[in-house]
Amino acid sequence: MTELTSLTIAEAREKLKAKEFTSVELTKAYLDAIDAANGVLNAYIAVTPEKALEMAKASDARRAAGKIGALEGIPLGIKDLFATRDVHTQACSHILDGFQPKYESTVSQNLWDDGAVMLGKLNMDEFAMGSSNETSHYGAVINPWRAKGSNQQLVPGGSSGGSAAAVAAHLCAGATATDTGGSIRQPAAFTGTVGIKPTYGRCSRWGIVAFASSLDQAGPIARDVRDAAIMLKSMASVDLKDTTSVDLPVPDYEASLGQSLKGMKIGIPKEYRVDGMPEEIEALWSQGIDWLKDAGAEIVDITLPHTKYALPAYYIVAPAEASSNLARYDGVRYGLRVDGKDIIDMYEKTRAAGFGQEVKRRIMIGTYVLSAGYYDAYYLRAQKVRTLIKRDFEQVFEAGVDAILTPATPSSAFGVADENLASDPVKMYLNDIFTVTVNMAGLPGIAVPAGLDHKGLPLGLQLIGRPFEEETLFRTAHVIEQAAGKYTPAQWW
Ligand SMILES: NC(=O)C[C@H](N)C(=O)O
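Residues numbered from 1 in each chain as written. Predicted model: local features only at pLDDT ≥ 70, side-chain atom pairs only at ≥ 80, totals over all residues. Heavy atoms only, no water.

It is worth spelling out the confidence of the model for the chain at this point. Per-residue pLDDT for the chain has a mean of 97; in total, 100% of the residues score no lower than 70. Mean pLDDT per element in the chain: helix H13 (residues 419-422) is the minimum at 81, and strand E2 (residues 75-79) is the maximum at 99. (pLDDT = per-residue confidence, 0-100. Helix = DSSP H or I, 4+ residues; strand = E, 2+ residues; numbered from the N terminus.)

Right, here's the structure in full:
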């Protein structure tokens, strides 16, 4: 029998059904793998073995009674941004020390309702602010991928770095993640995994620690397109507790896989050809175009003229919303409290000690752009730019384009503590150059592995679709996956 942890969700689902093993056995295999690897990779910041085995046992009992959910008995990891009842939920921040919510996020509850098993909570950038997972209070996550012939430690991307590393290293069958400006797609691209940020409103945000509420969206990181489709189907729902969640039927995404691309129009935006992008990413993009052409799609050149304003506008809108959302961490309601001589002093000391440098930077930027006298010049302008970005996409879709193909990231995974990036936050922000537009416009976007670079590191392509047409993205990404193959890192840990 194959090693249990090497099975995809779809494969494990069939073998559980055929009674080749139980969910308890599968869960134990994952717990052992986590035990062996986590000291090196640091993907999990809390493992919940008792809960996992209890859930697996309950799943086996349900199966025996003939009640089989869509994710019955499948062990998953949960990003630390999702509230999990009575379990560590800190958004990987010191300020939420000891916080264990008394409620469960809607997305994770949906997964448990479908029979999934929780292995633990996954590392991430503090409050999801970052592109390398290095802003976590719990330290960096190490990418299971290494360049050929090198022992250098690489980042898995961020903010869902723990989710991506755990999926790539087979420390869970799939993981939840969130994406505000690229946090699902960039780490997926850096680790050879598949990540989809669905349309804003597809998944409920209830019980997910808020970063930038008008941009945040949950989605899965998985080993392949099929697994991502299975997970999103389960995660998505309309929810009275989140009025921005949308009441549209959730299609059977898996059913769209394998359908032909005949008659489909794929747009190639010229604005995504950025200066300094490595030639091999350009080549990969052309390769992707050829694969889709071969599958019957029509390729058209398109223009999204406001693309260049997306990143600066994002880094105004997201910090503005963050400064407001993070005002609640005051030392009174949850987590850390550092005593002071009076209440104001206590607030100041708690926030000074509780937030890391990047979070403080965003709170300061956000407070500044919302302050009297600067609001119109920055925040209001950024919101107007956001409308223009959205319109660019609308025009392209109105002209008949079904999906847009771009690279997922401007580079492959970089080194931990890269000096060049650490000294200049704007360089780190540039990681999001291809992904933020999608959040600004509220559209769905998927990152799918498409090849390896000259260092032997994974590179991804991104597909952007019309609102609520995730099916098109799965179908198209599946074609790329079939052509490109799947990528698993050689085990060294
Ligand atoms: N949260 C995200 O989507 C990550 C993005 N790099 C940010 O720092 O805002």
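After that view, the rundown keeps rolling.
Looking now at the UniProt feature "domain: Amidase" (unreviewed entry) in the chain. Residues annotated by UniProt as "domain: Amidase" (unreviewed entry) correspond here to residues 25-473. Between the end C-alpha atoms of residues 25-473 the distance is 34 Å, and the span holds 37% helix and 14% strand. (UniProt positions renumbered as here; feature names shortened; annotations may be inferred.)

Okay, the nonpolar core next. Core analysis: the largest hydrophobic core is formed by 157 residues, its most contacted members being Phe127, Phe393, Leu405 and Phe474. With ten residues, the top contributor of residues to this core is helix H9 (residues 310-325). With sequence-adjacent residues up to four places away left out, Phe127 is seen in contact with Ala91, Ser93, Ile95, Leu96, Val209, Phe211, Leu326, Tyr329, Phe355 and Val359. (Core = buried A, V, L, I, M, F, W, Y, C linked by side-chain atoms within 4.5 Å. Buried < 20%, exposed > 50% of the residue type's maximum accessible area, 1.4 Å probe, protein only. Contact = heavy atoms within 4.5 Å.)

On to the sheet that holds strand E10 (residues 445-452), then. If you walk across this open sheet you meet the eleven strands as E1-E3-E2-E4-E6-E5-E10-E11-E9-E7-E8, and the pairing is mixed. Pairing within the sheet leaves two strands with one partner each, and these edge strands are strand E1 (44-47) and strand E8 (298-302). Neighbour to neighbour, the strand axes of the sheet diverge by 30° on average, direction disregarded. Lying over the sheet, helix H2 (residues 23-41) contacts E1, E2 and strand E3 (117-122), oriented at roughly 20° with respect to E3. (Pairing = 2+ DSSP bridges. Axes fitted to C-alpha atoms, helices over the stretch in contact; angles between N-to-C directions.)

Below, the discussion takes up the pattern of salt bridges. Summed over the entire model, instances satisfying the criterion amount to 19 salt bridges. A salt bridge links Glu254 to Arg13, with the nearest nitrogen and oxygen atoms 2.9 Å apart. Of this pair, Glu254 sits in the loop between helix H7 (225-235) and strand E7 (265-269) while Arg13 is found in helix H1 (residues 9-17), placing the two residues 241 residues apart along the sequence. Salt-bridge contacts for Glu254 lead to Arg226; the nearest nitrogen and oxygen are separated by 3.0 Å. Separated by 28 residues along the polypeptide, Glu254 in the loop between H7 and E7 and Arg226 in helix H7 bring together distant segments of the chain. (Salt bridge = Lys/Arg side-chain N within 4 Å of Asp/Glu carboxyl O.)

Here we come to the site of the ligand. Near the ligand, the surroundings consist of 14 residues, among which Ala128, Gly181, Ser183, Tyr314 and Asp432 are the closest. In the model, an oxygen atom of the ligand is placed 3.5 Å from a nitrogen or oxygen of the Tyr315 side chain. Burial of the ligand by the protein amounts to 100% of the accessible area it has alone, namely 270 Å². Within the shell around the ligand, the residues separate by chemical class into five nonpolar, seven polar and two charged. (Near = heavy atom within 4 Å. Polar contact = N/O pair within 3.5 Å; in protein donor to acceptor, adjacent residues only side chain to side chain. Areas by Shrake-Rupley, 256 points an atom, 1.4 Å probe, with all protein chains shown as cover. Nonpolar A, V, L, I, M, F, W, Y, C, P; charged D, E, K, R; others polar.)

A few words now on a nonpolar patch on the surface. Taken together, Val332, Ile343 and Ile344 make up a surface patch of nonpolar side chains, about 260 Å² in accessible area. In this structure, Val332 sits in the loop between H9 and helix H10 (343-354). Taking relative accessible area as the criterion, Val332 reaches 43% and is therefore assigned partly exposed. (Patch = residues over 30% accessible without salt bridge, like charges linked within 9 Å, V, L, I, M, F, W, Y side chains within 5 Å.)

A separate point is the packing of H1 against H7. The description of two helices packed together rests on the angle between their axes and the distance between the axes. Following both chains from N to C, one finds H1 and H7 inclined at 75°, their axes separated by 8 Å at the closest point. Our classification of the angle between H1 and H7 gives roughly perpendicular. Residue-level contacts link Ile9, Ala10 and Arg13 of H1 to Arg226, Asp227, Ile230 and Met231 of H7. Residues of the contact of H1 with H7, tallied by class, amount to four nonpolar, no polar and three charged. (Parallel < 35°, antiparallel > 145°, perpendicular 65-115°, else oblique.)

Mapped onto this numbering, the UniProt entry gives "active site" (unreviewed entry) at Lys79, Ser159 and Ser183. For this annotated set, covering 105 residues, all C-alpha atoms fall within 11.3 Å of each other, a compact arrangement in space. Within the secondary structure layout, Ser159 lies in the loop between E3 and helix H5 (161-168). Setting aside anything within four residues of it in sequence, one finds Ser159 in contact with Lys79, Asn123, Met124, Asp125, Ala128, Met129, Gly130, Asn133 and Ser183. Residue Ser183 is classed as buried on the basis of its relative accessible area of 5%. Excluding anything up to four places from it in sequence, Ser183 contacts Lys79, Ala128, Gly130, Gly158, Ser159, Ser160 and Thr178. At a separation of 2.6 Å, a polar atom in the side chain of Ser183 contacts the side chain of Ser159.

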